[in-house]
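Structure assessment
Read off the chains here:
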Amino acid sequence: MKIETKKGVTPEIKKISINQVIDFLLNNALFILMGIAIIYIAISNENFLKWPSIINIVSQTAAYLPAALGIAGCIVLAGTDLSAGRMVGLSACISASLLQAVNSGNKMWPQIGTLPIWLVIIIVMLVCAIIGSFNGFFIAKFKVHPFIVTLGTQLILYSVLLLYVQQGTNRGMAISNLDKGYATFVKGSLPFMKIANVPIPNYVIFALIITAIIWFIWNKTTFGKNMFALGSNEEAAKVSGVNVFRTTILVFALAGAMYGFTGFIEGARIGSNTANTGLNYELDAIAACVIGGVSFVGGIGKIRGVIIGVLMLRLIFIGLQMMSVDQNLQYLIKGGIILFACALDMRKYLVKK
Amino acid sequence: MKKLLTASLITTMAIGLFTGCSTGEENPNEGGLKVGVFYYNFSDIYISTVRSNMDDMLNDLGMDFQNYDAAGNQATQMDQINTAIANQVDLLIVNSVEISSMDIADVAKAANLPIIFFNREVTDDVILSYDNSAYIGTSSSEAGQLQGAMIGQYLVDNFDSVDLNKDGKISYVLFKGQEGNVEADGRTKYSVEDSNVILKAAGLPELEFYDVKNSSKYLVDQGGNWSAQAATDYMNVILAEYSEANNNMIELVIANNDGMAEGAISSLQNVGFNTGSGKTIPVYGVDATDSAKQLIKEGKMTGTVMQDAQAMASAVVLLAENIKNGEDLMANTDSYNVDETVDKIRVPYSIYSGN
């Protein structure tokens with residue numbers, strides 16, 4: 001999984017053939033494209049590279065990053081996770097309902113006050129990790145393809161969500177009017193976290209911490225090595241003593257915990273949560289991963305790639321908006337770029353075969 | 001050589017992607033007000049009508065505006081609004097996805113921008129929390145009441161012909177657009193209640209939901225999208241079980257919007273009903289979209305409640321014009337029906353049955 005970076009680098013000082021230049025260009029096409037895009041958008045709209053806008057891009061990237069990091073693990077196992085969006089929704093609704101303002105007119109659970117924030121984070125991450133390990137259990141035990149298993153859980157979770165928002169005094173309404181402490185914890189910012197007087201929201205810091213943890217797990221632990229071994233060749237991994245059953249469950253549980261955390265952030269970031277919160281998050285997350293070179297073939301992927309993928313998607317979203325591209329055409333462009341980026345990326349692996 | 005070709009092709013394509021499509025409603029008028037208009041979903045038929053009306057009006061005023069599609073997702077809408085603020089807009093016009101989203105008002109307040117909500121009703125405290133905000137919409141109970149009045153009157157006039165199996169009762173089905181939406185709740189409740197009141201007054205029995213075991217007495221679009229497709233799917237299932245042959249045919253269809261009414265009609269047409277001639281089940285919607293009006297004209301649909309897209313758009317544009325002229329947001333609104341305690345303008349509904 002690490003070979004492809006070496007390839008583009010110019011070898012020694014000999015003559016550089018035209019083929020090598022082209023290889024270099026194609027292998028780094030994503031960065032080049034991103035560069036062209038940024039320059040072009042910045043030229044057509046000067047606001048794009050002003051601080052408020054840059055911080056907006058960074059914040060949006062940070063908000064979508066944890067879920068993408070979670071799903072990346074599932075893709076490394078040559079799987080996928082369609083239940084991610086619904087888990088984000090469930091976690092957002094649970095977080096919001098447990099952290100509504102005490103004086104809220106439509107408090108969902110009037111009998112309990114506002115719980116401590118750390119407890120709620122643990123609750124939602126745990127709930128989603130359990131759902132994730134349920135996914136993993138089905139996949140590992142019954143050898144059902146993750147696409148099918150998580151399609152099943154996605155539907156089941158929607159029912160759970162629909163039922164949950166009707167509990168207590170809520171009766172299907174949006175869960176809003178959140179506790180100030182919760183909103184500030186997520187959306188507020190530390191006094192010194194300011195650039196040009198624009199505050200950087202706390203969830204950017206959380207995303208940094210999460211990224212560091214996941215990087216460590218992927219690269220420095222046995223579990224991480226096992227995950228990649230299992231993703232590239234299950235038989236070989238089994239023979240060399242990797243516990244397939246446990247690794248699969250753990251990967252999906254870790255992914256679940258990430259969705260749980262994303263839901264916790266989204267709950268406060270959106271501020272109004274319904275059964276539809278989180279809908280289709282998995283599609284954006286999967287798109288981000290494949291754009292960033294986490295391959296559906298399995299066993300291939302880097303944290304760096306996931307970050308670039310999420311950033312790229314956000315750049316498309318924000319850039320098109322800032323260039324005043326007709327919204328009717330935006331889906332076309334987004335789709336085109338996803339296809340284009342992935343075709344380019346696959347090319348690297350095809351060449352090797 | 002081949003690679004060179006690929007590379008150059010790819011580069012041109014990439015540049016083309018970014019350059020070729022910059023066709024938005026950019027207005028060269030530099031002095032104009034920069035406006036962001038945020039729609040909850042481009043795929044909503046009624047909202048599209050409002051959008052095309054509003055596009056024309058804003059263009060006429062020379063405003064520099066841009067439309068956004070949240071595609072039914074509040075998170076997307078928040079991201080769009082934040083990006084628009086970073087892009088230095090002067091005014092936000094928001095058709096919010098979630099009805100109680102205090103956050104949109106908070107964001108506008110923090111950026112010190114005037115904000116106009118429309119169509120999807122936000123709660124009173126959202127408007128009250130920020131001086132420079134207003135809401136333009138309809139009264140959530142009115143559409144259902146008008147629909148109920150229309151249905152009640154029609155049944156009183158045509159009871160025997162509507163009662164296909166002559167059991168002395170009208171069995172109906174009701175399609176609800178979304179759970180937890182004030183408009184959908186109001187329409188669902190009042191359409192049946194108000195027609196029952198009229199039926200009772202005329203000495204006729206109340207409406208009866210076709211499936212006695214269904215205690216909620218409606219079928220809801222589970223995606224919350226008020227979609228024709230959901231109504232068609234439901235109706236196909238119903239019509240497989242309920243038919244004239246079984247002497248239990250559905251005798252009345254009430255839908256929360258015209259899209260769902262049309263969905264039901266397309267399914268009815270599969271079994272030979274509502275084709276314009278011959279057997280017709282009365283079908284009612286809300287919105288009076290162009291396609292629904294056409295169906296009513298052709299005798300395939302019975303009635304709808306007109307939500308006046310043009311009046312809605314012109315009220316929104318009036319407030320935008322106030323901001324442009326440096327006036328108070330709620331100036332010049334004397335001729336409108338405004339709530340007493342909060343800055344909410346109510347655009348009236350009216351009945352549409354083909355006249």
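Residues numbered from 1 in each chain as written. Chains lettered and ligands numbered in written order. Predicted model: local features only at pLDDT ≥ 70, side-chain atom pairs only at ≥ 80, totals over all residues. Heavy atoms only, no water.

Looking at the overall build of chain A
To keep things clear, this is the line we draw: Numbering of helices and strands runs from the N terminus; a helix is a DSSP stretch of H or I covering at least four residues, while a strand is a stretch of E covering at least two. The contact criterion used is simple: two residues touch if any of their non-hydrogen atoms lie within 4.5 Å. Residue exposure ignores everything except the shown protein chains as possible cover, and the areas themselves are Shrake-Rupley values with a 1.4 Å probe. Under the convention used here, Asp and Glu are negative, Lys and Arg are positive, and both His and the chain ends fall outside the count. Note that the charge is assigned to NZ on lysines, CZ on arginines, CG on aspartates and CD on glutamates.
Tallying secondary structure elements over chain A gives 15 helices and two strands in all. Along the first, second and third principal axes, the C-alpha set of chain A runs to 75 × 55 × 40 Å. Sequence-distant contacts, at least 24 apart, represent 76% of the contacts inside chain A between residues at least 6 apart. Here chain A displays about 15300 Å² of accessible surface, and carbon together with sulfur accounts for 70% of that area. When the 27 basic and 13 acidic side-chain charges of chain A are each reduced to a single mean position, those positions are 5 Å apart.

Details of the overall build of chain B
Heads up, the rule is: Classification of residues uses two cut-offs on accessible area relative to the type maximum, computed with a 1.4 Å probe and protein chains only: under 20% is buried, over 50% is exposed, and between them is partly exposed.
The secondary structure content of chain B amounts to 11 helices and 14 strands. Overall, the C-alpha framework of chain B stretches about 70 × 70 × 35 Å when taken along its three principal axes. The buried share among the 355 residues of chain B stands at 56%. A total of about 14100 Å² of accessible surface is found on chain B, and carbon and sulfur atoms cover 49% of it.

Thoughts on the side chain of Ser83 of chain A
Residue and element names in this part refer to chain A. Looking at where Ser83 falls in the secondary structure, it is placed in the loop between α4 (51–76) and α5 (84–98). On the basis of relative accessible area, Ser83 is assigned to the buried category, the value being 0%. If we ignore the near neighbours within four places in the chain, the residues touching Ser83 are Asn135, Thr150, Thr153, Gln154 and Leu157.

Side note on the state of the cysteines
Residues and elements named next belong to chain A. Going by this rule: Counting rule for disulfides: a pair of cysteine sulfur atoms within 2.5 Å.
Tallying each qualifying case throughout the model produces zero disulfides over all chains. Among the cysteines around Cys93, which has no disulfide bond, Cys128 carries the closest sulfur, lying 11 Å off. Left without a disulfide partner, Cys289 is nearest to the cysteine sulfur of Cys74, which lies 9.0 Å away. The exposure class assigned to Cys289 is buried, which follows from its relative accessible area of 0%.

A word on the pairing of strand β9 (residues 252–255) of chain B
Residues and elements named next belong to chain B. Put simply, the test is: At least two DSSP bridges between two strands are needed for those strands to be called paired. A clockwise path from the first strand over the helix to the second, with the strands pointing away from the viewer, defines a right-handed crossover.
Where burial is concerned, the two faces of β9 agree: the one with Leu252 and Ile254 and the one with Val253 and Ala255 are both buried. Pairing of β9 with strand β10 (residues 283–287) involves two bridges; the strand directions are parallel. In the sheet register, Val253 faces β10, and the bridge partner there is Val283. With helix α9 (residues 258–270) bridging β9 and the parallel β10, this β-α-β connection has right-handed handedness.

So, the confidence of the model for chain B
All names here are of chain B. What counts here: Confidence of the predictor at the level of single residues is given by pLDDT, which spans 0 to 100.
Confidence in the prediction for chain B averages 87 pLDDT; 90% of positions are at 70 or higher. Below a pLDDT of 50 lies the segment residues 15–30, which in the model reaches 34 contacts outside its immediate sequence neighbourhood of four places, other chains included. Scoring the predicted complex yields pTM 0.75 and, for the interface, ipTM 0.71.

Examining the sheet that holds strand β2 (residues 64–69) of chain B
Residues and elements named next belong to chain B. This is how it is decided: Only the contacting stretch of a helix is used when fitting its axis, a line to C-alpha atoms as for every element, and angles between N-to-C directions run 0 to 180 degrees.
Judged by pairing direction, the sheet is mixed, and its seven strands sit side by side in the order β2-β1-β3-β4-β5-β13-β12 without closing on themselves. Two strands close off the open sheet at either side, each with one partner strand: β2 and β12 (337–338). Relative to strand β5 (residues 133–137), strand β4 (residues 115–118) runs parallel, the two sharing four bridges. By the bridge assignment for β5, Ile116 is matched with Ala134. Each of β3 (91–94), β4, β5 and β13 (344–346) is contacted by helix α11 (residues 309–324), which is oriented at about 160 degrees to β5, the strand it contacts most.

Here we look at the pattern of salt bridges
Residue and element names in this part refer to chain A. Inclusion rule: Just to be clear on terms, a salt bridge is a Lys or Arg side-chain nitrogen sitting within 4 Å of an Asp or Glu carboxyl oxygen.
Inspection of the entire model under this criterion finds 20 salt bridges over all chains. The salt bridge partner of Lys143 is Glu234, with a shortest N-O separation of 3.4 Å. With a gap of 91 residues between them, Lys143 in the loop between α6 (117–142) and α7 (146–164) and Glu234 in helix α11 (residues 234–239) connect regions that are remote in the sequence. Classification of Lys143 as exposed rests on a relative accessible area of 53%.

Quick look at the interface of chain A and chain B
Quick note on the threshold: Two parts lose some accessible area (1.4 Å probe) when they are put together, and adding that loss for both gives the buried area. Throughout this description, a polar contact denotes any pair of N or O atoms lying within 3.5 Å of each other; where both atoms belong to protein, one of them has to be capable of donating a hydrogen while the other can accept it, and for residues adjacent in sequence the pair is counted only when both atoms sit in side chains. Residue polarity follows a fixed list, in which Ala, Val, Leu, Ile, Met, Phe, Trp, Tyr, Cys and Pro are nonpolar, Asp, Glu, Lys and Arg are charged, and the others, Gly among them, are polar.
Between chain A and chain B, the contact holds 51 residues from the first and 45 residues from the second. Summing both sides of the interface, chain A and chain B together bury roughly 4100 Å²; the carbon and sulfur share of this comes to 57%. Scanning the region where chain A abuts chain B turns up three salt bridges. Measuring nitrogen to oxygen at the nearest pair gives 2.6 Å for the salt bridge that ties Lys187 of chain A to Asp103 of chain B. Our count for the contact surface shared by chain A and chain B stands at 14 residue pairs in polar contact (both at pLDDT 80 or more). No other element matches helix α15 (residues 327–352) of chain A, which puts nine residues into the side of chain A that touches chain B. In the side of chain A that touches chain B, the residues fall into 27 nonpolar, 16 polar and eight charged.

Thoughts on the packing of helix α2 (residues 45–60) of chain B against α11 of chain B
All names here are of chain B. Operational definition: Relative orientations are named as follows: roughly parallel for angles under 35 degrees, roughly antiparallel for angles over 145 degrees, roughly perpendicular for angles from 65 to 115 degrees, and oblique for any other angle. Should the near helix be turned counterclockwise from the far one by less than a right angle, the crossing is left-handed, whereas a clockwise turn marks it as right-handed.
Relative to each other, α2 and α11 sit at 45 degrees, their axes nearing to 8 Å. The angle between α2 and α11 falls in the class oblique. α11 is crossed by α2, and the crossing has right-handed handedness. In contact with Tyr46, Thr49, Val50, Asn53, Met54, Met57 and Leu58 of α2, α11 contributes Ala309, Gln310, Met312, Ala313, Ser314, Val316 and Val317. For the contact of α2 with α11, the residue count by class is 10 nonpolar, four polar and no charged.

Description of the packing of α4 of chain A against helix α3 (residues 74–86) of chain B
Put simply, α4 of chain A and α3 of chain B touch, their axes get as near as 8 Å, and they point 165 degrees apart. Between α4 of chain A and α3 of chain B, the interaxial angle falls into the category roughly antiparallel. Judged by the sense of rotation from one axis to the other, the crossing of α4 of chain A with α3 of chain B is left-handed. Along its contact with α4 of chain A, which presents Pro52, Ser53, Asn56, Gln60 and Tyr64 of chain A, the element α3 of chain B presents Ala75, Asp79, Asn82, Thr83 and Ala86 of chain B. Of the residues in the contact of α4 of chain A with α3 of chain B, the class split is four nonpolar, five polar and one charged.

Some points on a nonpolar patch on the surface
Residues and elements named next belong to chain A. As a reminder, the rule being used: Note on patches: the residues involved have over 30% relative accessible area and no salt bridge, like charges join within 9 Å, and the nonpolar side chains Val, Leu, Ile, Met, Phe, Trp and Tyr join within 5 Å.
On the surface, Ile16, Val21, Phe24, Leu25, Phe31 and Ile32 cluster together into a nonpolar patch covering about 520 Å² of accessible area. Contributing elements (two or more residues each) for the nonpolar patch: α2 (18–27) and α3 (29–44). It is α2 that provides the largest number of residues to the nonpolar patch, a total of three residues. Relative to the assigned elements, Ile16 resides in the loop between α1 (3–8) and α2.

A closer look at α9 of chain B
Rules: By this rule the span expected of a helix is its residue count minus one, scaled by 1.5 Å.
For α9 of chain B, which comprises 13 residues, the first-to-last C-alpha distance of 19 Å matches the rise-based estimate of 18 Å (1.5 Å per residue) to within 8%. Directly beyond the C-terminal end of α9 of chain B, a positive phi value near 90 degrees is found at Gly272 of chain B.

Some points on the packing of aromatic side chains
Inclusion rule: Aromatic rings from Phe, Tyr and Trp, with only the six-membered ring used for Trp, were paired whenever their centres fell within 6.5 Å, and each pair was classed as stacked if the ring planes differed by under 30 degrees, edge-to-face if by over 60, and tilted otherwise.
Following the criterion strictly, the structure yields 20 aromatic pairs over all chains and no others. Both rings, one in Tyr64 of chain A and one in Tyr281 of chain A, keep their centres 5.6 Å apart while their planes meet at 40 degrees; by these two values the pair is tilted. One end of the pair, Tyr64 of chain A, is in helix α4; the other, Tyr281 of chain A, is in helix α13 (residues 281–291), and 217 residues separate them in sequence. Both residues of the pair, Tyr64 of chain A and Tyr281 of chain A, count as buried. Aromatic side chains Tyr154 of chain B and Tyr284 of chain B sit 6.3 Å apart centroid to centroid with 75 degrees between the ring planes, which places their arrangement in the edge-to-face category. Separated by 130 residues along the polypeptide, Tyr154 of chain B in helix α6 (residues 142–162) and Tyr284 of chain B in strand β10 bring together distant segments of the chain. A relative accessible area of 30% places Tyr154 of chain B in the partly exposed class. Note on Tyr284 of chain B: relative accessible area 1%, which makes it buried.

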